[in-house]
Amino acid sequence: MSITAQNISSDSRLVSLVRWLETLHGFSLDTETVRPASSDASFRRYFRVNAGNASYIVMDAPPEKENIEPFIRVATVFEKSGVSVPRILGKNHEEGFLLLSDLGTTTYLDSLDESNAGSMYMDAIDALLSIQSISRPHVLPEYDRATLKRELDLFPEWYIARHRKFSMTPENQAELEKVFNLILANNLSQPQVFVHRDYHSRNLMVMDGQERNNPGILDFQDALYGPVTYDLVSLLKDAYIEWDEERVLDWVIRYWEKAKKTGLPVNPDIDQFYRDFEFMGIQRHLKVLGIFARLYHRDGKTAYLKDLPLVMEYASKTAHRYVELAPLARLLDELQDKKQDVTYSF
């Protein structure tokens, strides 16, 4: 559904966006077809606009809240790997607008089912390996200890204290800090590659019938240079869709085999590699619990609340598998009001 003139006139940024589109030459954009495409957890908005039989995406990133430069930089880097990312066709740095190629309307989340998951995840793994294979330091910002720790701290601040209204004792706090240090030590010891940071089913697009390879990849502007297992965790322990652990393990092994053949410096021992995968997962899932709680309590975005149970399940299962994570397992049980019955596998 296109946006009416009344809708446009009541939105000053949309007025500016349409005026900018009308100044672009070579596209014959029909500004009357401007319509919402999507939004995300940030202040960015996306619109779709037609030009004849083709469609394009326009990013609206308010300069006082968002910076379009990281998107431009990462798009340029990732495109060199041969993966499908939006091409940047027009820029307005001053107002925070970008005109992009359109990767379609069908996300992985829309399409995944038991019959196609195997081939779709292999496509996603191959694309991930392509990105990782061109990694080198000093191109993207480092996913350093301070950043990883700042993300972990969202969990006690927003999920434990704000969302669950749970009061941490000094002993709880000391134990959690010790666990955080163990998690971070593992994360920082892993080989470093380009990290998308949100490589999951909502940001991967199905591009069947189009010239470029599956999947189309979106929302990469926060990419960093960090732990090799991070994006694999985002993909296979996705906050929005769940697969049997046996199937996830199979996909992890397939990735690991391909990564070794590609020459990526993954841990040569599959058990150790899977442990790295799990410890990276704990970092990500605790962070996501904090982010989803913050989106609700600070930003009034309720949609993410329904995804909290699956993220908690991921974190809890992993915490119960490793004896070093016992204090975290106990805390997660208490937060869920579960009877503590901890059996460690490793």
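In what follows, the structure referred to is the one given above.
Residues numbered from 1 in each chain as written. Predicted model: local features only at pLDDT ≥ 70, side-chain atom pairs only at ≥ 80, totals over all residues. Heavy atoms only, no water.

(A) Quick look at the environment of D110. Assignment of secondary structure puts D110 in helix 4 (residues 108-111). Judged by relative accessible area, D110 falls into the exposed class, the value being 55%. Taking the C-alpha atoms as reference, D110 lies 24 Å from Y296; in sequence the two are 186 residues apart. (Helix = DSSP H or I, 4+ residues; strand = E, 2+ residues; numbered from the N terminus. Buried < 20%, exposed > 50% of the residue type's maximum accessible area, 1.4 Å probe, protein only.)

(B) Layout of the nonpolar core. Counting 97 residues, the largest nonpolar core has F78, F155, Y255 and L286 as its most contacted members. Considering every element that reaches this core, the biggest residue donor is helix 11 (residues 270-297), with 12 residues. Ignoring sequence-local partners within four residues, the contact set of F155 consists of I160, L176, F180, L286, L289, G290, L331, L332 and L335. Counting residues in each nonpolar core, the second largest holds 14 residues, with F47, Y56, F97 and L99 among its members. (Core = buried A, V, L, I, M, F, W, Y, C linked by side-chain atoms within 4.5 Å. Contact = heavy atoms within 4.5 Å.)

(C) Local environment of the pairing of strand 4 (residues 88-92). Alignment of strand 4 against strand 5 (residues 97-101), held across four bridges, turns out to be antiparallel. Residue pairing for strand 5: K91 is matched across the bridge by L98. Remark: four residues form the turn of the hairpin made by strand 4 and strand 5, two consecutive strands paired antiparallel; G96 in that turn has positive phi of roughly 85 degrees. (Pairing = 2+ DSSP bridges.)

(D) Region of the structure containing the packing of aromatic side chains. Per the stated rule, a full pass over the model turns up 15 aromatic pairs. Grouping aromatic residues by their ring pairs yields a cluster made of F71, F78 and F220. Sitting over the face of the ring of Y143, R197 holds its NZ or CZ atom 4.8 Å from the ring centroid. Stacked on the ring of W256, the Lys or Arg K260 has its end atom at 3.7 Å from the ring centre. (Phe/Tyr/Trp six-rings, centres within 6.5 Å; stacked < 30°, edge-to-face > 60°. Lys NZ or Arg CZ within 6 Å of the ring centre and 35° of its normal.)

(E) The environment of Y108, seen in detail. Turning to its location among the elements, Y108 is positioned in helix 4. Residues Y108 and E245, spaced 137 residues apart in sequence, show a C-alpha to C-alpha distance of 19 Å. With sequence-adjacent residues up to four places away left out, Y108 is seen in contact with M120, D123, A124, S201, L204, M205, V206 and P215.

(F) Up close: the packing of helix 6 (residues 145-152) against helix 11. For the pair helix 6 and helix 11, interaxial distance at closest approach is 7 Å and the crossing angle is 55 degrees. One finds that helix 6 runs oblique with respect to helix 11. Residues L148, E151 and L152 of helix 6 pack against M280, Q283, L286 and K287 of helix 11. Grouping the constituent residues of the contact of helix 6 with helix 11 by class yields four nonpolar, one polar and two charged. (Axes fitted to C-alpha atoms, helices over the stretch in contact; angles between N-to-C directions. Parallel < 35°, antiparallel > 145°, perpendicular 65-115°, else oblique. Nonpolar A, V, L, I, M, F, W, Y, C, P; charged D, E, K, R; others polar.)

(G) Representation of the pattern of salt bridges within the structure. Taken as a whole and assessed by the stated rule, the structure comprises 22 salt bridges. The partner of R247 in a salt bridge is E114, and the shortest N-O contact between them spans 2.7 Å. With a gap of 133 residues between them, R247 in helix 10 (residues 245-262) and E114 in the loop between helix 4 and helix 5 (117-133) connect regions that are remote in the sequence. According to the relative accessible area criterion, R247 is partly exposed, its value standing at 25%. (Salt bridge = Lys/Arg side-chain N within 4 Å of Asp/Glu carboxyl O.)

(H) A look at the side chain of N116. Here N116 lies in the loop between helix 4 and helix 5. Judged by relative accessible area, N116 falls into the buried class, the value being 19%. Here the side chain of N116 touches S111 through a polar contact of 2.8 Å, landing on its backbone oxygen. (Polar contact = N/O pair within 3.5 Å; in protein donor to acceptor, adjacent residues only side chain to side chain.)

(I) Here's a closer look at helix 8 (residues 170-189). Its 20 residues place the ends of helix 8 29 Å apart at the C-alpha level, agreeing with the 28 Å of an ideal helix rising 1.5 Å per residue. The complete set of buried residues in helix 8 reads N172, L176, V179, F180, I183, L184, N186 and N187. Down the axis of helix 8, the buried side of the element spans an arc of 155 degrees, and every buried residue falls inside it. The exposed set on the far side of helix 8, more than 90 degrees from its buried face, consists of P170, E171, K178 and S189. At its buried positions, helix 8 is contacted by helix 6, helix 7 (154-163), strand 6 (192-195), strand 9 (224-227), helix 11 and helix 13 (326-335). (Expected span 1.5 Å × (residues − 1). Arc of directions from axis to C-beta.)

(J) Structural context of the pairing of strand 5. The element strand 5 is extensively covered by neighbouring structure, given that five of its five residues are classed as buried. With five bridges joining them, strand 3 (residues 54-60) and strand 5 adopt antiparallel strand pairing. Residue pairing in the sheet places M59 in a bridge with L98 of strand 5.

(K) Main features of helix 12 (residues 308-319). In this model, helix 12 (12 residues) spans 16 Å end to end at C-alpha, consistent with the 16 Å of a helix rising 1.5 Å per residue. A large share of helix 12 lies buried, amounting to nine of its 12 residues. Those residues of helix 12 that fall on the buried side of the exposure criterion are L308, L310, V311, M312, Y314, A315, S316, T318 and A319. Considering only its buried residues, helix 12 is in contact with helix 7, helix 11 and helix 13.

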